[in-house]
Amino acid sequence: MTDYVDAGEAIPHAQLSAVKGSAPATGNVDYERIQNARSEPANWLTYYGTYDGQRHSELTQINKDTVRRLSPAWVFQAGAVGMQSGASTYSFEASPLVVEGVMYVSGPDGRAWAIDAKTGEELWRYKHASPYDVSLCCGNVNRGLAVGHGKVYMYTLNAHLIALDATTGEKVWDTVNGDVRAGESGSVAPLVVKDMVICGSAGGEFGLRGHIDAFDAQTGERRWRRYTVPKPGEPGSETWGDDAQEAWQRGGANCWVTPTYDPELELLFQGTGNPAPDFDGDVRPGDNLYTDSVVAIDVNTGEIRWHYQFTPHDLWDYDSTMENIVFEKDGRKYVSHADKNGYFFTLDAATGELVKVFPFVDRITWGEITPEGKVTPKVYPDEEGVPVHFWPGPAGGKEWTHMAYSRKTGLMYIPVQEVGATATRRRREFKESIPYWGAGVAVDIEDFYGFVAAVDPLTGEEKWRWRNEYPMCASTLSTAGGLVFQGTPTGEFVALDEETGEKLWSFQCGSGHHSSPSTYEVDGRQYIAVPTGWGGWIEGFLPGLLGAAAGDALFAFALPED
Amino acid sequence: MTTTSGDRAAELADAGLDGQNKIALGRLLGTGNVGYAEEGSDGVMRAEIRIPEDELRYEPGIIIFPHGGDIELTFYNDDKNTHCAVIPSNGDSKFIWLVNHSKGTAKIHLDGPGTYYYSSASGNDEGRGLTGALVMGGEVPDHAKQDRPPQPRP
């Protein structure tokens, strides 16, 4: 019999690293503080920076005059240990949060970190072990964390909403909120509102019934759930008129991007995903509410107050999950949304009334929307086995990455993708956790370009555009320094003049951008933070760069200290 | 309890794919056997994993658990070389160093259901085949399921 050497008990992997294991305690981030986030631009308290989603900072140290001296202050390398998904699914998509010098950020593969925002030093780490075989349409990714009530909140790939202690990274509670066997997953950055944490579902490509949920921030107990596909008898169910009365059960409309919020109206503005199956509309006749919509949800009850559907009876995979920016002008409050379908919408925030609609991309062939909002489909896959080409492709004129709004210029800065696709209808029967598309799709690998567009959301006037050889697949950031920051798919991080679009600065980060930069200040020094790491659903939004360099670095830029 | 798939093992042996430096350099991924964890009265699911001599594999290569939860794995390194295991666990992966002829344990927690991989992150052990799978069966809790009738599965 072998006399074995005692190898002891396995230890946490972080014990074999320089990670400190704790972060300094910061001031409490509660509802009142997040409502006033704009008044403390040194911090980036929530996903979009502020509830209204403007992604605009009042910091001015980095400005049109100084930006040419911008250089890396530190770089955090996410790295990886063990097996993980490949280049086509890996992407560093997060938006870093910062509270009093501590950065909270998530990465691919279920990882979250607290980082010293001044030095880049790793303070604590958390790794959520999700199954390797979770059904994911669009990458082993996470878009970020929420911070509040002394905790850090994360929604995981296997649809667990977890709360971590903000100072140690230790798990406080864990609520299972989705069915991975049905193809449900989580990638959204949660949002703290009042004493609740809000998060939405992912998995529309697998025929789920989308929803957005609110949880008690202290206990993880669910307060309410709002399905975004009504079942028979509920308002909107008449728009799911299939003979078998089954289409609603698999309708999609998932809520995989963080909502914006207006504290006065107490409304969440949640974008919803595409109907399922994506391209085969015959099995789901009707408008298919509330897919491809913005739904204004009472944050206290989860009730839908109003909705506006951007693409009724979608046949092109035109999710409308992306942000709905809230802004005011002349005493009226609006929400603006740049949709995958290539049209830009401005609505009354209180009622959902259409104020303005106009195209923000160059090439639209799928259909037409009149200035009054009437939608006319023109080109779509309706015959089995017959290829149909249309613009924009399924990734849309703009996908989930976000535009920014400058309160000074009144302009929206939109990252635009000009990419088409060919879809060929191929009907299939629904089965849980199996992709439910209803077509074969090939996105163009040639004939594409992109640009950042500076657009007036009330008139539709394009003030300028900064054109790029490749589509823009990362979020913009606007600052009171007169700058618009934008990462390109080929790795350049650029600063543009907010008034002219002139490129004032750039830095090659070594891997493409598919994330949301943020800005903050520590000890009087302004930083711009941007995660880089090309990947995700590249085959959908830019297959022409499927072979580009991968990466997993988070850069923090600042001006030289002297 | 471990089951074997005799035909496949024989095929692998005939092809020279069942050990190091035969037709290939290492041992191909996923060629181990299937094992089943046993759940104790304390709710902890336990299984034993061995590293056979000169085969660069965990045995069994796949362990099936009835559901997610607390797990205790006992590792035996029967090889005459040093290896390790980095095993996923909620919160942080667990690491254990396994010198020749050593025995150790790993206490982990995994949410079910689904497949989790682990490996020996030493030298090129992973490249040569020293990877394993922990498969959680079961269902998510009822409160996590969708409000809809049961749906067809493959």
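Residues numbered from 1 in each chain as written. Chains lettered and ligands numbered in written order. Predicted model: local features only at pLDDT ≥ 70, side-chain atom pairs only at ≥ 80, totals over all residues. Heavy atoms only, no water.

Thoughts on the state of the cysteines
Residue and element names in this part refer to chain A.
- This structure, assessed with the given rule, holds one disulfide over all chains.
- Between the sulfur of cysteine 137 and that of cysteine 138 lies a disulfide, 2.3 Å long from S to S. Taking the sign of the torsion about the S-S bond as the criterion, the disulfide between cysteine 137 and cysteine 138, at about -105°, is left-handed.
- With relative accessibility at 33%, the residue cysteine 137 sits in the partly exposed group.
- The exposure class assigned to cysteine 138 is partly exposed, which follows from its relative accessible area of 23%. (Disulfide = S-S within 2.5 Å. Buried < 20%, exposed > 50% of the residue type's maximum accessible area, 1.4 Å probe, protein only.)

So, the environment of A:Val147
Residue and element names in this part refer to chain A.
- Its place among the elements puts valine 147 in strand E9 (residues 146-148).
- Sequence separation between valine 147 and serine 71 is 76 residues, and the spatial gap between their C-alpha atoms is 28 Å.
- Excluding its chain neighbours within four sequence positions, the residues that come into contact with valine 147 are Val29, Ile34, Leu45, Leu97, Val99, Tyr104, Val152 and Val192. (Helix = DSSP H or I, 4+ residues; strand = E, 2+ residues; numbered from the N terminus. Contact = heavy atoms within 4.5 Å.)

Focus: the nonpolar core
- Membership of the largest hydrophobic core comes to 68 residues, with the highest contact counts inside it found for A:Tyr104, A:Val193, A:Ile198, A:Leu268, A:Phe485 and A:Phe557.
- Setting aside residues no more than four positions away along its own chain, A:Phe557 makes contact with A:Leu70, A:Ser71, A:Pro72, A:Ala73, A:Phe493, A:Trp505, A:Phe507, A:Cys509, A:Gln526, A:Tyr527, A:Ile528 and A:Val530.
- Core analysis: the next-biggest nonpolar cluster, separate from the first, contains 26 residues, B:Ile63, B:Ile87, B:Leu134 and B:Met136 among them. (Core = buried A, V, L, I, M, F, W, Y, C linked by side-chain atoms within 4.5 Å.)

Side note on the UniProt feature "domain: Pyrrolo-quinoline quinone repeat" (unreviewed entry) in chain A
- Sites flagged by UniProt as "domain: Pyrrolo-quinoline quinone repeat" (unreviewed entry) map to residues 44-355 and 471-528 of chain A.
- For residues 471-528 of chain A, the end-to-end C-alpha separation is 22 Å, with 0% helix and 50% strand making up the annotated structure. (UniProt positions renumbered as here; feature names shortened; annotations may be inferred.)

Comments concerning the sheet that holds strand E5 (residues 97-99) of chain A
All names here are of chain A.
- Within the open sheet, the four strands sit side by side as E5-E6-E7-E8. Their pairing is antiparallel. This sheet does not close on itself; its edge strands, each paired only once, are E5 and strand E8 (122-127). On average, adjacent strands in this sheet sit at an angle of 15° to one another, irrespective of strand direction.
- Two elements, strand E6 (residues 102-107) and strand E7 (residues 111-116), share six bridges in a ladder whose sense is antiparallel. Bridge pairing links valine 102 to aspartate 116 in E7. (Pairing = 2+ DSSP bridges. Axes fitted to C-alpha atoms, helices over the stretch in contact; angles between N-to-C directions.)

Re the interface of chain B and chain A
- Listed as interface residues are 52 residues of chain B and, on the opposing side, 53 residues of chain A.
- Taking both sides of the interface into account, the surface hidden between chain B and chain A amounts to around 4,100 Å²; carbon and sulfur atoms contribute 53%.
- When residues of chain B are sorted by the area they lose upon contact with chain A, B:Gln146, B:Asp147 and B:Arg148 head the list and together hold 15% of the total.
- The tally of links from chain B across to chain A stands at six salt bridges.
- For the salt bridge of B:Arg153 with A:Glu432, the shortest nitrogen-to-oxygen distance reads 2.8 Å.
- For the pair chain B and chain A, the interface holds 33 residue pairs in polar contact (both at pLDDT 80 or more).
- Contributing elements (two or more residues each) for the side of chain B that touches chain A: strand E6 (69-77), strand E8 (94-98), strand E9 (102-110), strand E10 (114-119) and strand E11 (131-136) of chain B.
- It is E9(B) that provides the largest number of residues to the side of chain B that touches chain A, a total of seven residues.
- A per-class count over the side of chain B that touches chain A returns 20 nonpolar, 19 polar and 13 charged. (Buried area = accessible area lost by both parts, 1.4 Å probe. Salt bridge = Lys/Arg side-chain N within 4 Å of Asp/Glu carboxyl O. Polar contact = N/O pair within 3.5 Å; in protein donor to acceptor, adjacent residues only side chain to side chain. Nonpolar A, V, L, I, M, F, W, Y, C, P; charged D, E, K, R; others polar.)

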